Amino acid sequence: MTPLAVLVSLTGSILEEMLKDSLRVGLVIADRACLGLEIAKAFSIPAELIERTNFTKTFDRDAYTRRVLDVLLRYDVQFVAMAGFMTVFSQPIFDHYANRIFNTHPSLLPSFKGNRPVRDALQHGVKITGCTIHIATPDPDGGPILAQQEVPILPGDTETILHERIKKAERVLYPRVLREQLQLAKQTN
Ligand code: GRF
């Protein structure tokens with residue numbers, strides 16, 4: 001049994017923090033070659049690259065979702081944490097893992113959903129943004145909220161500077177929430 005799989009597409013700094021925090025990550029899945037895979041390797045965690053090569057509207061979301069689901073089932077994964085994973089899944093994975101897929105999003109949801117939340121927050125001139133840990137559902141960034149952390153926007157912030165400040169909060173909050181959720185599941189089983 002694999003307690004937790006972490007899904008990545010980017011630099012994997014949140015994954016790295018989870019591993020340093022001794023979360024029971026048993027599998028890393030990436031949808032593209034990325035630093036997250038290197039981090040998995042450095043921590044000797046099994047990793048699977050399920051490459052998404054098609055980024056157009058003709059992308060076969062169902063087929064991709066089923067491929068990921070097959071791998072999760074093969075490793076007997078119990079919980080899934082998306083940490084900077086840039087592919088939206090379709091229904092089948094949510095049928096199998098209902099309430100067991102988590103995501104972190106760098107805004108205070110329901111504000112600034114989508115794939116440019118940091119830029120959008122800056123463009124709207126909000127003074128406070130943050131991060132949200134939520135249960136992932138077929139509605140992207142729309143699932144039940146588990147925890148949020150405010151992060152201030154400071155004069156002179158660029159997207160990169162602000163995103164890094166938000167990720168600093170995500171690296172603390174996400175492992176804590178995952179640990180609580182895994183613990184909760186253990187108690188109710
Ligand atoms: C995080 O801000 C996450 O919320 C967003 O992508 C970023 C991932 O950062 N979806 P990293 O790859 O863990 O450094």
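The structure displayed is predicted, hence computed values, not measured ones.

Colleague: I'd like a rundown of the packing of helix α1 (residues 13–20) against helix α2 (residues 35–42), residues and numbers included.
Modeller: For any two helices packed against each other, one specifies the inter-axial angle together with the distance between the axes. The geometry of α1 relative to α2 is characterised by a closest axis approach of 9 Å and an angle of 15° between their N-to-C directions. In terms of orientation, α1 lies roughly parallel with respect to α2. Viewed along their axes, α1 and α2 form a crossing whose handedness is right-handed. Here Ser13, Leu15, Glu16 and Leu19 of α1 come into contact with α2, specifically with Gly36, Ile39 and Ala40.

Colleague: Break down the environment of tyrosine 64 for me, citing the residues and quoting the values.
Modeller: If you trace the backbone, tyrosine 64 turns up in helix α3 (residues 61–74). Separated by 12 residues in the primary sequence, tyrosine 64 and arginine 52 place their C-alpha atoms 7.6 Å from one another. Those residues in contact with tyrosine 64 that lie beyond four places of it in its chain are Ala30, Asp31, Ile50, Glu51, Arg52, Phe59, Phe85, Thr87 and Phe89. Looking at tyrosine 64, its side chain comes within polar contact range of the main-chain oxygen of isoleucine 50, at 2.6 Å.

Colleague: Go over the sheet that holds strand β1 (residues 2–8) with me, naming the residues and quoting the values.
Modeller: Spatial ordering of the open sheet is given by β3-β2-β1-β4-β5-β6-β7, a layout of seven strands whose pairing is mixed. Since the sheet does not close on itself, it has two edges, and those belong to β3 (47–49) and β7 (145–152), each with one partner. Strand-to-strand, the axes of this sheet are offset by a mean angle of 15°, without reference to chain direction. Pairing geometry for β1 and strand β2 (residues 25–30), over five bridges, is parallel. Bridge pairing links valine 6 to valine 28 in β2. The strands touched by α2 are β1, β2 and β3; relative to β3, the strand with the most contacts, the crossing angle is about 155°.

Colleague: Can you lay out unusual backbone geometry for me, pointing to particular residues and giving the numbers?
Modeller: Note the cis peptide between leucine 109 and proline 110, where omega equals 10°. Among the structural elements, proline 110 can be located in the loop between β5 (101–105) and α5 (117–124). Positive phi, normally seen in glycine, also occurs at aspartate 76, with a value near 55°. Note on placement: aspartate 76 falls in the loop between α3 and β4 (77–82).

Colleague: Please give an account of the site of the ligand that cites residues and values.
Modeller: The environment of the ligand is formed by Leu10, Thr11, Gly12, Ser13, Ile14, Gly84, Thr104, His105, Pro106, His163, Lys167 and Glu170. Within the backbone of isoleucine 14, an N or O atom sits 2.9 Å from an oxygen atom of the ligand. Within the complex, 94% of the 370 Å² of free accessible area of the ligand lies under protein. Where the shell around the ligand is concerned, the elements lending two or more residues are α1, β5 and α6 (159–188). Here the residues of the shell around the ligand sort into three nonpolar, seven polar and two charged.

Colleague: Give a description of α5 that names residues and reports values.
Modeller: Looking only at α5, the buried set comprises Pro117, Val118, Asp120 and Ala121. Mapping the buried residues of α5 onto a view down its axis gives an arc of 165°, with all of them on the same face. The secondary structure elements touched by the buried residues of α5 are β5, β6 (128–135) and α6. Downstream of α5 by one or two residues, glycine 125 has phi in the positive range, about 70°.

Colleague: Give a description of the pattern of salt bridges that names residues and reports values.
Modeller: Inspection of the entire model under this criterion finds seven salt bridges. The salt bridge partner of arginine 32 is aspartate 31, with a shortest N-O separation of 2.9 Å. Overall, arginine 32 belongs to the partly exposed group, its relative accessible area being 22%. In this structure aspartate 31 comes out as buried when scored by relative accessible area, which is 0%. Glutamate 48 is the partner of arginine 74 in a salt bridge, and the nearest nitrogen-oxygen pair spans 3.9 Å. On the criterion of sequence distance, the pair formed by arginine 74 in helix α3 and glutamate 48 in strand β3 is long-range, its members being 26 residues apart.

Reading guide: rules and limits
- Residues numbered from 1 in each chain as written.
- Predicted model: local features only at pLDDT ≥ 70, side-chain atom pairs only at ≥ 80, totals over all residues.
- Heavy atoms only, no water.
- Axes fitted to C-alpha atoms, helices over the stretch in contact; angles between N-to-C directions.
- Helix = DSSP H or I, 4+ residues; strand = E, 2+ residues; numbered from the N terminus.
- Parallel < 35°, antiparallel > 145°, perpendicular 65-115°, else oblique.
- Left-handed = near helix turned anticlockwise from the far one by under 90°.
- Contact = heavy atoms within 4.5 Å.
- Polar contact = N/O pair within 3.5 Å; in protein donor to acceptor, adjacent residues only side chain to side chain.
- Pairing = 2+ DSSP bridges.
- Near = heavy atom within 4 Å.
- Areas by Shrake-Rupley, 256 points an atom, 1.4 Å probe, with all protein chains shown as cover.
- Nonpolar A, V, L, I, M, F, W, Y, C, P; charged D, E, K, R; others polar.
- Buried < 20%, exposed > 50% of the residue type's maximum accessible area, 1.4 Å probe, protein only.
- Arc of directions from axis to C-beta.
- Salt bridge = Lys/Arg side-chain N within 4 Å of Asp/Glu carboxyl O.

In short, geometric facts, not functional conclusions.
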